[in-house]
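For reference, the chains in residue letters:
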Amino acid sequence: MSSIFTDISSSWSLDTSNLTVGAIVAGLIVLFKLAKARRESQGFPLPGPTPLPFVGNALSIRASEPWVTYAEWGSRYGDIFKTRMLSEDTIIIHSEQVAKTLLEHRSSVYSDRPHFAARLPYGWGFHFAWEPYGERWRLQRKVFHQFFREEAALEHRPIQLQKARQLVLDLVNDPDNHRFHIQRHVDSIIMSILYDYELSPGRDHFVELFECGATIAMEGLLPENSAIITTFPFVLNLPTWLPGSRFSRRAALSKECADGMVSAPFEYSRKREADGIASSAMIPSFLRSEKYAKDPSTIQLFKDVAASGFIGGGETSTVSLYSFCLAMLQNLDVQKRAQAEVDEVVGLDRLPNFDDRPHLPYVEAVLRETLRLYPVVPLAVAHATVSDDVFEGYFIPKGSTVVPNIWAMLHNPDVYPEPHSFKPERYFKDGKLDDEVSTSHIGYGFGRRICPGRYTADASIWVAMVTILSTLTVSKALDDKGREIDVDPKFTCGVTSGPLPFPCKIVPRRADFDAEKFSGMMKDI
Ligand code: HEM
């Protein structure tokens, strides 16, 4: 009897607790829906292409140039719209004006980064481009700023000048490997500034480490792969021997490379410092500061920031210079006019330097047009919101991924008539450079996340360009019958985009301009 009673009472109490739990859950759902409805009633949902079940809009996006698809959608749906990749929504900003309003004027809301599920498993916690908006990011940016802000970047000029001249010498000696020399030139600048490290001849082992880390990590950080990893996080934990375990295998390899690239060049600087070799580069300067250089968390901070600098600055500046070569090859008239300006201002007996810059407006316009026609980071780095927002009646929820389509902004025919043509003249009004026209600096992004390496990038690219213009001619390569090979450029697609290797001929502009004469001219630095 008592056991029956106990059974009944326990089953009754079970029912009661079931009911209670059910009521709480139902109450929570109602509350959640009410809260969501209240939030959403603050504004309308954003327009955008209708997503298909499961895949969203993924199948309609041009895989090799997603920014072109987004530009077409921008013309249809307006300056801000929403698209969906698998289960992830992304807000695309189509116009510069909206980008400035949201990412700059409301930067306290729009300066976060989306959560990339691949970031930590791929070993990329070090890179502050993907660090969430918060105290750690602020510290990283502050450290970086000390060495790369506008005035500090002036200190890099002797290195940039010397490396630009070395680049020309390398191109004279070995023109066929132009892509390699451009990349090496950019890497050598950034490694000098960060670690006071001179690249070894040929392939350099630190650079190889960075390349290995970046190549694998970029795969994981690509939006489509990131969407797969976010939607099916278990793919990162599959045993590496299982078929289909590609993501977990790549993550393990990526982490190994990332750990190496953060530590190895730092240890190189540490050893040189211990050997008493003085340098004003970023890491050696840090190692000399008694106050900070013994604290493990500060050491890690500097290691991470320096590696972020190499990753942020290597590929981007290389791609810009390579795009410049492509533009010169395809626009010989522009190249001739820029060369004539350099000859007139600099003369034929010396090489250009930074003091010449204000006197070379056409070269300046060539630089702007290169960064406009070939934006290196066409979709910037995605921003994210830290709180709900309403913009022109549209509701933008907290945690939204927000992507400025820099490519669309720089190809807007209302601002840049004939946007697909290379026309430096567009920046002139009444014979003078007109700063009103130029918004090509938006290639460096927006607001609190704007590229902190932009002053260094701008100076590195300018001095390399002007040194090439003063000494070399870039033109179409010839086939074995002596006919010019036309170039139909193809572009890479990732976080950065730039020309795939193309044939080209690089020759000294004057017959007497050989490596020996050139080496002599380099001595005026
Ligand atoms: C042509 C050259 C370059 C271009 C076009 C470029 C472009 C960009 C863009 C579009 C962003 C994202 C901005 C945003 O989120 O709105 C960015 C971020 C960044 N760039 Fe650059 N960049 C260049 C060169 C450099 C150089 C030389 C360095 C280092 C010396 C560098 C370091 C960084 C870093 C660390 C970030 C992350 C900033 C953050 O999230 O707070 N970049 N860059």
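Fair warning: this is a prediction, and the values are worked out from it, not measured in the lab.

What the rule picks out here adds up to 1 disulfide. There is a disulfide in this structure between Cys212 and Cys257, and the S-S distance comes to 2.2 Å. Of this pair, Cys212 sits in helix H9 (residues 205-221) while Cys257 sits in helix H11 (residues 246-274), and the two are 45 residues apart along the sequence. Of all cysteine sulfurs in the structure, the one in Cys451 sits closest to Cys493, which takes part in no disulfide; the separation is 20 Å.

Quick look at the UniProt feature "binding site: heme" (unreviewed entry) in the protein chain now. Residues annotated in UniProt with the feature "binding site: heme" (unreviewed entry) correspond here to Cys451. Among the structural elements, Cys451 can be located in the loop between strand S8 (432-433) and helix H17 (454-471).

What follows deals with the side chain of Asp434. Here Asp434 lies in the loop between S8 and H17. One buried charge, Asp434, has no salt-bridge partner; the nearest side chain with opposite charge is Lys429, at 4.4 Å. When neighbours within four sequence positions are excluded, Asp434 is seen to be in contact with Arg368, Tyr427, Phe428 and Lys429.

This structure, assessed with the given rule, holds 18 aromatic pairs. Their ring planes at 40° and their centres at 6.3 Å tell us that Tyr77 and Phe81 sit as a pair that is tilted. Residue Tyr77 is classed as partly exposed on the basis of its relative accessible area of 25%. Taken together, a centroid distance of 6.1 Å and an interplanar angle of 65° make the contact between Trp124 and Trp130 edge-to-face. We classify Trp124 as buried; its relative accessible area is 0%. Within the aromatic cluster, the residues linked to one another by ring pairs are Phe116, Trp124, Phe126 and Trp130. Residue placement shows Arg138 over the ring face of Tyr133; its charged tip is 5.1 Å from the ring centre. Across from the ring centre of Phe266, 5.4 Å away, lies the NZ or CZ of Lys303, which sits over that ring.

We now examine unusual backbone geometry. Phi at Phe54 takes a positive value of approximately 65°, unusual for a residue other than glycine. Examined against the element boundaries, Phe54 turns out to sit in the loop between helix H1 (2-40) and helix H2 (66-77). Located in the positive-phi region is Ala380, a residue other than glycine, with phi close to 50°. If you trace the backbone, Ala380 turns up in the loop between helix H15 (361-373) and strand S3 (383-384). According to the relative accessible area criterion, Ala380 is buried, its value standing at 14%.

Definitions and cut-offs
Residues numbered from 1 in each chain as written. Predicted model: local features only at pLDDT ≥ 70, side-chain atom pairs only at ≥ 80, totals over all residues. Heavy atoms only, no water. Disulfide = S-S within 2.5 Å. Helix = DSSP H or I, 4+ residues; strand = E, 2+ residues; numbered from the N terminus. UniProt positions renumbered as here; feature names shortened; annotations may be inferred. Buried < 20%, exposed > 50% of the residue type's maximum accessible area, 1.4 Å probe, protein only. Lys, Arg positive; Asp, Glu negative; His and termini not counted. Salt bridge = Lys/Arg side-chain N within 4 Å of Asp/Glu carboxyl O. Contact = heavy atoms within 4.5 Å. Phe/Tyr/Trp six-rings, centres within 6.5 Å; stacked < 30°, edge-to-face > 60°. Lys NZ or Arg CZ within 6 Å of the ring centre and 35° of its normal.

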